[in-house]
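Now for the letters of each chain:
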Amino acid sequence: MRDVRIRFSKTGKARYISHLDMTRCFARAFFRTGIPLWFTEGFNPRPYMTFTSPLTLGAESVAEALDIRLEDETMTDEEVARLLDEALPPDLHILKAAPPVQKMNAIRASRYRITVEPGTHTADALCEAFRAIAERDHLPVEKSGKKGKHKVMKTIDLAEYLDELSVDTDDEGRVVLLVTLPSSPQFGINPRLLLDKFLKEAGEEPVRVRMVREALYCEDGVLFE
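The text that follows walks through the structure, step by step, so that each part is easy to find. (Residues numbered from 1 in each chain as written. Predicted model: local features only at pLDDT ≥ 70, side-chain atom pairs only at ≥ 80, totals over all residues. Heavy atoms only, no water.)

1. Thoughts on the layout of surface pockets
Put simply, the test is: Grid points spaced at 1 Å over the protein atoms alone were grouped into cavities, where a 1.4 Å probe fits but cannot get out, and pockets, open sets with protein on both sides within 12 Å along at least five of seven lines, with lining residues defined by an atom within 4 Å of a point. Grid points are joined across faces, edges and corners, and a volume is the space filled by probe spheres set on the points. A run of DSSP states H or I qualifies as a helix once it reaches four residues; a run of E qualifies as a strand once it reaches two. Both are numbered from the N-terminal end. Only Asp, Glu, Lys and Arg are considered charged in this grouping, and only Ala, Val, Leu, Ile, Met, Phe, Trp, Tyr, Cys and Pro are considered nonpolar; every other residue, Gly among them, is considered polar.
When its volume is computed, the largest pocket comes out at roughly 680 Å³. Along the wall of the largest pocket there are 25 residues; nearest its centre are Pro54, Lys143, Gly188, Ile189 and Asn190. Per element, the largest residue contribution to the lining of the largest pocket is 4 residues, and it comes from strand 6 (residues 140-147). Counted by class, the lining of the largest pocket contains 10 nonpolar, 10 polar and 5 charged residues.

Listed below in C-alpha cells is the structure:
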C-alpha cells in the first residue's frame, strides 16, 4: 500500500457541489476507473479518502487536496491522475498526483481571492470603503460553531485575522480582496463571513461575487503540498 495526494480544482458549476456530494462524486469516479483503493476495516468498510477542509458552497478553488491509499503500488501517480480526471464531471479537474509531504491536519490557513462587481458604488469608492473597514480596531461578527452535539453562535473579532489582507481594483472595474484566513481543524473563518461583513458595513449590494481558494498553508506560512 502507498499514500497518494491528489490536487484538484473545483470551478464553474462544480462550486455548487456540497462537501458531502463531493465525497460521493469522487467515490463513484474511483469505482468507474477501477483504481484499487484501500478500504477501511470494520463492519462498514469505506474507501480511504481524506479531503481538505470544506469550501463554503458557491466558492471555487484551485488548491483542493484529497489523500487516498492505493492497494496496487505499481500504479503510477500519473496514471492515477489521468484516469481520475477522465472520470470526473466537468469543472472538477485533477491538477496532479504525488506522495503527500505534510499531514492533512497540518493545514492552518487558506488564501482567497474575492472579486466583487459593485452594484451601488463605483469600484474606486468601494475599494476605499473596504480599506477603511479593514483598518478598524474591531469588526465583531457572529460565527456558528458547535458545543458538543449542539450548534451555538459566538462572537469573534475579524480585525484580529486581517494581517494578510489587500484590497485593490482590477481593469474590469471590480474590487479584489486577497486575504489569508484561519483554516485548521480546530478553527476556521469562512470567507463569506468576512465578505458579508464588509458589504454590510459599506452599504453595498454587489452585482456579482466570486470567491476562489488559491492556496493552503501550514505553520509559519509554509505552502501545503
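2. Observations regarding the pattern of salt bridges
Put simply, the rule is: For this analysis, a salt bridge means a side-chain nitrogen from Lys or Arg found within 4 Å of a carboxyl oxygen belonging to Asp or Glu. Burial classes follow relative accessibility: with a 1.4 Å probe on protein chains only, a residue under 20% of its type's maximum area counts as buried, one over 50% as exposed, and anything between as partly exposed.
Under the defined criterion, the tally for this structure stands at 18 salt bridges. Put simply, arginine 69 and aspartate 3 hold a salt bridge, and the shortest N to O gap is 2.7 Å. Within this pair, whereas arginine 69 is found in strand 3 (residues 60-70), its partner aspartate 3 is found in strand 1 (residues 2-10), the two being separated by 66 residues in sequence. Judged by relative accessible area, arginine 69 falls into the partly exposed class, the value being 22%. Of the residues examined, aspartate 3 reaches a relative accessible area of 34% and is grouped as partly exposed. Put simply, arginine 113 and glutamate 214 hold a salt bridge, and the shortest N to O gap is 2.8 Å. With a gap of 101 residues between them, arginine 113 in strand 5 (residues 109-117) and glutamate 214 in strand 10 (residues 208-217) connect regions that are remote in the sequence. Residue class for glutamate 214 comes out partly exposed when judged on its relative accessible area of 24%. Among the charged side chains, a network of salt bridges with common partners joins Arg111, Arg113 and Glu214.

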